[in-house]
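# Coordinates in review
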Amino acid sequence: MALADHLRELRNRLVKSVLAIVLMTIIALIFHKQIEALLLKPLPQCNAETIKSTEGRCAQVSTIGLTAGFNWMLKVALTAGVVATVPIWLYQLWAFVAPGLHKHERKYTVVFMACGAPLFLAGVGLAILLLPLTVEVLISFTPNDTTPILPPGDYFDIATRLLLVFGLAFEFPLLLVMLNMVGIVTGKRLLGWWRGMVMGITVFAAFATPSADPLTMLALAAPIWGLYFLAVGVAMLNDRRKARRNPDLALDDEEASHLDLSVAPVSEAEAIEASGTPVASGQVPAARHEQMDDIT
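First, a word on scope: everything that follows refers to the structure included in this document.

The next point concerns the pattern of salt bridges. Scanning the entire structure with this criterion turns up two salt bridges. In this structure, R8 and D5 form a salt bridge, with 2.7 Å as the shortest nitrogen-oxygen distance. Residue R8 and its partner D5 are located together in helix α1 (residues 3-30), separated by three residues, close to a single helical turn. Its relative accessible area of 40% is what places R8 among the partly exposed residues.

This is the structure:
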C-alpha cells in the first residue's frame, strides 16, 4: 500500500474507535446517575449512622462552581465509554497492524488481543473491589473533629488512577510472554530475573496505589507476582516447543552448533542395465567426425 492508503486506513480505524467511544459515552450519559452512585458508594457519607460506625471518619462530597456538576458528569461518562470499549479499539489497532505481519506474527497478535482485554478488565474489577478500602485508609488520616469536604473531581481522579494502574499492571505479564514469543527474551532468563521482578513489582505497587497502606499495595502486587510466574511458565513451555523444532535455537552467535558425525549405513549397489550404442541417422561427414573426436 502507498503511504496515502496507509494514512487513509489509519483514519478509518481511528474513526471507528472514536465512534464506538462516543456511542458508549452517550449511553453512559443516560445512566450517569447510576454510575456516579456506584463510584461514590465507597465514600462513607456523613450521617448519624456513619459517624457512629466510623468514629466520626466520614466525607462530605461537595461541588464548587456552577459548572462543576456538568464537568463531573462528562468526565464520568467519557471514562466509562473508554473502559467499556477496550475490546473494540484494541481490535481496531490489531486490524491496522495485522496486514503487515507474517502468518505466525498475526497468530501472536490474536493471542494478545484475546488475553489483553480480559486482563485489563480483571485489573479494573480488582481496583473497584479495593476502592472502599483505599478510601477508608485515606480518610483515616483526617485530623480528629474535622470532616473532609471532597470535590467530586478530586475523588474521581484518585479512583480513575487506581483503575488505570490496576488495569495496565495486569498487562505486564502478557507483554513478557509476547517478548518471549518473538524471541527477544527466553523463559530461563525471565526466571533468573525473579528476585528483581518481585522487588520491582512491589516498589511499583507502593508508588502506584494512592493510599499508603500495605494491604492495598499487596493487593496489587500479589496478583502481578502470580501472573509473572505464570508468564515465566508459559515462556519456558514455548522455549521447549521451539527447541524440539530447532535444537540450535538457544546457541549464541559465536557458539558452534552440534554436528552429527556418526557414520550412516550405505545401501547396497544397484545394478543398472547399460544402454545400447546409439545408431546414427545418417553418414557423418569427415569434418564433423574429426570435430567429434576432438571433443571426445
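What follows concerns the packing of aromatic side chains. Evaluated as defined, the whole model comprises one aromatic pair. Seen in terms of ring centroids, Y228 and F229 are 5.1 Å apart; in terms of plane orientation they differ by 65°. Their pairing is edge-to-face. Residue classification places Y228 among the buried positions, given a relative accessible area of 0%. Taking the relative accessible area as the measure of exposure, F229 reaches 37% and is therefore partly exposed.

L43, L131, V135, F166, L190, L220 and Y228 are the most contacted members of the largest nonpolar core, which has 35 residues in total. Breaking this core down by element, the ones donating at least two residues are α5 (86-97), α6 (103-140), α7 (152-169), α10 (194-208) and α11 (214-245). Beyond its immediate sequence surroundings of up to four residues, L190 is in contact with L176, V185, Y228, V232 and A235. Residues Y108, V177, M178 and M181 belong to the second largest nonpolar core, which totals five residues.

Next up on the list: a nonpolar patch on the surface. Taken together, V18, V22, L23, I26, I27, I30 and F31 make up a surface patch of nonpolar side chains, about 630 Å² in accessible area. Along the chain, the position of V22 falls in helix α1.

Another point: the layout of surface pockets. Using a probe with the size of a water molecule, rolled over the atoms, empty space left in the structure can be pinpointed. Considered as a void within the structure, the second largest pocket measures approximately 380 Å³ in volume. Together, 20 residues line the second largest pocket, and I35, L38, L39, I128 and L163 are the ones closest to its centre. Elements with a minimum of two residues in the lining of the second largest pocket: α2 (32-40), α4 (68-84), α6 and α7. Tallied by class, residues from the lining of the second largest pocket come to 16 nonpolar, three polar and one charged.

In this section: the environment of P118. For P118, the position within the fold is in helix α6. Residue classification places P118 among the partly exposed positions, given a relative accessible area of 47%. C-alpha of P118 to C-alpha of G167: the two residues are 49 residues apart in sequence and 9.6 Å apart in space.

Criteria and cut-off values
- Residues numbered from 1 in each chain as written.
- Predicted model: local features only at pLDDT ≥ 70, side-chain atom pairs only at ≥ 80, totals over all residues.
- Heavy atoms only, no water.
- Salt bridge = Lys/Arg side-chain N within 4 Å of Asp/Glu carboxyl O.
- Helix = DSSP H or I, 4+ residues; strand = E, 2+ residues; numbered from the N terminus.
- Buried < 20%, exposed > 50% of the residue type's maximum accessible area, 1.4 Å probe, protein only.
- Phe/Tyr/Trp six-rings, centres within 6.5 Å; stacked < 30°, edge-to-face > 60°.
- Core = buried A, V, L, I, M, F, W, Y, C linked by side-chain atoms within 4.5 Å.
- Contact = heavy atoms within 4.5 Å.
- Patch = residues over 30% accessible without salt bridge, like charges linked within 9 Å, V, L, I, M, F, W, Y side chains within 5 Å.
- Areas by Shrake-Rupley, 256 points an atom, 1.4 Å probe, with all protein chains shown as cover.
- 1 Å grid on protein atoms, 1.4 Å probe; cavity = no way out; pocket = protein on both sides within 12 Å on 5 of 7 lines; lining within 4 Å.
- Points joined across faces, edges and corners; volume = space filled by probe spheres on them.
- Nonpolar A, V, L, I, M, F, W, Y, C, P; charged D, E, K, R; others polar.

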